[in-house]
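Fold and geometry: a report
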Amino acid sequence: QLQLVESGGGLVQPGGSLTLSCTGSGFTLDYYAIGWFRQAPGKEREGVSCITKGGGSTNYVDSVKGRFTISRHYTKNTVYLQMNSLKPEDTAVYYCAPLSGCARGMGARFGSWGQGTQVTVSS
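Structural notes, computed from the coordinates. (Residues numbered from 1 in each chain as written. Predicted model: local features only at pLDDT ≥ 70, side-chain atom pairs only at ≥ 80, totals over all residues. Heavy atoms only, no water.)

A closer look at the overall build of the protein
Tallying secondary structure elements over the protein gives zero helices and ten strands in all. Secondary structure elements in the protein, listed N-terminal to C-terminal, are β-β-β-β-β-β-β-β-β-β. Against the compact-globule benchmark of 14 Å for 123 residues, the protein has a radius of gyration of 13 Å, which places it among compact chains. By its C-alpha atoms, the protein is 40 × 30 × 25 Å across when sized along the principal axes. Across the 123 residues in the protein, those meeting the buried criterion constitute 44%. For the protein, the proportion of contacts with a sequence separation of at least 24, taken over those separated by at least 6, is 58%. (Helix = DSSP H or I, 4+ residues; strand = E, 2+ residues; numbered from the N terminus. Rg over C-alpha atoms; globule rule 2.2 N^0.38 Å. Buried < 20%, exposed > 50% of the residue type's maximum accessible area, 1.4 Å probe, protein only. Contact = heavy atoms within 4.5 Å.)

Next comes the structure, spelled out in structure tokens:
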């Protein structure tokens, strides 16, 4: 099984911040690159950010560059997505997933999708 559990979502005003957490359910994340994805109402799921297995390289979709930061804490078996300067356009369900790597944005995805965590940016 390769399923991750997302948490940390909520309601925030534009310009605010949230930090999402992604942790493994019964397995370690150390062996995988981890990607964050999101799906807004009526839209396709899109890749947001990716961090390599060793944490030495990250990438972001253009729309979140400079505002979001992906990181990982190995001893906590957790990957984070720090989201600053949030915009209404960031409203979506956010998911994380183990990946083969971060080359060309996102590598192949392993396992199945988790439940995601809802992020709502609204005044």
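Now that the structure is up, let's keep going.
Considering the nonpolar core
Where a protein is soluble and globular, its nonpolar side chains tend to be buried together. Core analysis: the biggest nonpolar cluster contains 27 residues, and Ile34, Trp36, Phe68, Leu81, Met83 and Tyr94 have the highest contact counts within it. Contacts of Phe68, omitting those with residues within four sequence positions, involve Arg38, Val48, Tyr60, Leu81, Gln82, Met83, Asn84, Leu86, Asp90 and Tyr94. Ala33, Phe37, Leu99 and Cys102 belong to the second largest nonpolar core, which has six residues in total. (Core = buried A, V, L, I, M, F, W, Y, C linked by side-chain atoms within 4.5 Å.)

Digging into the side chain of Thr91
With respect to the secondary-structure elements, Thr91 resides in the loop between strand S8 (78-83) and strand S9 (92-99). Every residue in contact with Thr91, bar those within four places of it in the chain, is listed here: Ala40, Pro41, Gln118, Val119, Thr120 and Val121.

Remarks on the environment of Ser123
As for its position among the elements, Ser123 is in the segment after strand S10 (117-121). For the pair Ser123 and Leu86, spaced 37 residues apart in sequence, the C-alpha to C-alpha distance is 11 Å.

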